[in-house]
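# Geometric and topological summary
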Amino acid sequence: MPILTDNHKKVLILANVDYHILKFKLPLINKLVELGYDVTCAAADTGKKDDFLEHGIRFVDFFIEKSSLNVFKEIRTICRIYRLLKKERPDTLHAMTIKPLIYGSIIGRFFCKNIIIEVAGLGYIYTDTKVSTLILRKMLDMVFWISLNISDRVIFLNRDDLSRFSKYFNTNKAVLIKGAGIDAEYFSPTNIDNTDLESLREQLAVKSDSIVFTMISRLLASKGIWEYSEMARALSAKYKNTVFLLAGYIDFGNPMSIKEQTLVKIKDNLIFLGKIDNVRDILALTDIFVLPSYREGMPITILEAMSMEKPVIATDVPGCREVVRPEVNGLLVEPRSVPSLLAAAERLIADKELRTKMGENGRRIVLEEYSNKIILEQFIKLYGSCKT
């Protein structure tokens, strides 16, 4: 462990929304606090403020228009970040999500000794194919160039994103850390209560001999929601013992969010669970996990499914192909392709032994590469290398 000095103990973690920090950074924050860091988190409060306080973490309610392109709103956001950083003056700024990352890195240069930016999921701008979006992507690349060069450390979650941006900056400051870490003790098939599992089966009317497919994600078009729904429609007509679950919520601030009327149509093909807290229980019920996303940073739902010994069908795109090894722990399919999804699904439906083997391999990969312990050690090493 690094020997800490008071010169770099004050940390500010900046993100769009509170639940993003809680979901992806809580183990890191707890570890930093344990090591003597003074950690403050700043994000929009969606009702999770008390969760921070329960862990003894100082939280600053900080609103950012996630998807706005209005110049005046952006100026207000920049001013808010300026006032926040001027007041807090952290030794280390750790900025996540696109706007905090870009604005925070530039403004933070005036107030912070160390700037760490984390390039996670790049959002709809890097998946949408409209001409207007392509133009916006070029503009964003130019701003990224500034942020990448002005920061002290740049965290990438997958090799594709690192390769994409490597031409813009000195990659000596780049660090590849594959996600936030998985609690493999919690997400373990041995931790499931069979009585609770049977109760869940009854609740969802899932028979014991059913083959259950599950997708867990925000309800964005870019997550492959339509492709999953079409796969469910085709397979449920052909295989009467198949069940398709979809868990997630509409992200109203995201331009790629599906419409409520679209969700109504999708529900005809599957069982819609909405936003869930019992992810582990749903995964325990699952036979095959599916994520037909167009692009990911590091897909935590895939890692959770792997930790629960579930085979995975995912698209051959950044993020997904980082964790899914074809023929080892799952199958990779073409993005935006229902026929490709169907072929992979039918192969796993027909081969229970292959499903079992892939599930076991997936958990082994999580334990060897993606456990909380392994990922936290990488983050702590990074923090220990910051300037004093």
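One numbering rule holds for all chains: residues counted from 1, following each sequence as written. Confidence filtering applies because this is a predicted model: local features only for residues at pLDDT of at least 70, side-chain atom pairs given and counted only at 80 or more, and all residues used for totals across whole chains, interfaces and linings. With hydrogens and water set aside, each side-chain value is computed from the structure's full complement of heavy atoms.

### Here we look at the confidence of the model for the protein chain
To keep it simple, the criterion reads: Residue-level confidence of the predictor is what pLDDT reports, using numbers from 0 through 100. Here, two residues are considered to be in contact whenever any of their heavy atoms come within 4.5 Å of each other.
Averaged over every residue, the pLDDT of the protein chain is 90; residues scoring 70 or more account for 94%. Note that residues 1-7 has pLDDT below 50 and, in this model, 12 contacts with residues that lie over four places away or in other chains.

### Describing the state of the cysteines
The cut-off we apply is this: Pairs of cysteine sulfur atoms within 2.5 Å are what we label disulfides. Remark: exposure states derive from per-residue accessible area (1.4 Å probe, protein chains only) relative to the maximum for the residue type, with buried under 20%, exposed over 50%, and partly exposed in between.
For the structure shown, the criterion picks out zero disulfides. Free cysteine C41: the closest other cysteine sulfur is in C112, separated by 15 Å. Looking at C386, it has no disulfide partner, and the nearest cysteine sulfur is the one in C112, 11 Å off. With a relative accessible area of 7%, C386 lands in the buried category.

### Observations concerning the sheet that holds strand β2 (residues 38-44)
Rules: A pair of strands is labelled paired if DSSP reports no fewer than 2 bridges between them. Note on conventions: DSSP H or I runs of at least 4 residues are helices, E runs of at least 2 residues are strands, and numbering of each starts at the N terminus. Note on definitions: angles span 0 to 180 degrees between N-to-C directions of axes, and those axes are lines fitted to C-alpha atoms, for helices only across the stretch in contact.
Pairing within the open sheet is parallel, and its seven strands lie in the order β3-β2-β1-β4-β5-β6-β7. Only two strands of the sheet have a single partner each, and these edge strands are β3 (58-61) and β7 (174-176). Averaged over all adjacent pairs, the angle separating strand axes in this sheet is 20 degrees, with direction ignored. In terms of strand pairing, β2 meets β3 through four bridges, oriented parallel. Within β3, the position partnered with C41 by the bridge is F59. Contacts from helix α3 (residues 71-88) reach β1 (10-17), β2, β3 and β4 (92-96), with the element oriented near 160 degrees to β1.

### Section: the packing of helix α8 (residues 225-238) against helix α13 (residues 338-350)
For clarity, the threshold we go by: Angular relationships are summarised with four words: roughly parallel below 35 degrees, roughly antiparallel beyond 145, roughly perpendicular across 65 to 115, and oblique for the angles in between. Here is the rule for handedness: rotate from the far helix to the near one, and if that takes an anticlockwise turn smaller than a right angle the crossing is left-handed, while a clockwise turn gives right-handed.
Where α8 meets α13, the closest approach of the two axes is 9 Å, and the angle between their N-to-C directions is 50 degrees. In terms of orientation, α8 lies oblique with respect to α13. In the crossing of α8 with α13, the sense of the turn from one axis to the other is right-handed. Contacts from W226, E227, Y228, E230, M231, A234, L235 and K238 in α8 reach V338, L341, L342, A345, E346 and I349 in α13.

### Focus: the pattern of salt bridges
Two side chains bearing opposite charge may form a pair once their charged atoms approach each other closely. Rule in force here: The rule for a salt bridge is simple: a side-chain nitrogen of Lys or Arg has to be within 4 Å of a carboxyl oxygen of Asp or Glu.
Taken as a whole, this structure holds 19 salt bridges when the rule is applied. D316 serves as the salt-bridge partner of R321, at 3.0 Å between the closest nitrogen and oxygen. R364 serves as the salt-bridge partner of E368, at 3.5 Å between the closest nitrogen and oxygen. In this pair, E368 and R364 both sit in helix α14 (residues 352-370), four residues apart, roughly one turn of the helix. Note on R364: relative accessible area 36%, which makes it partly exposed. Among the charged side chains, a salt-bridge network with shared partners connects R159, K178 and E322.

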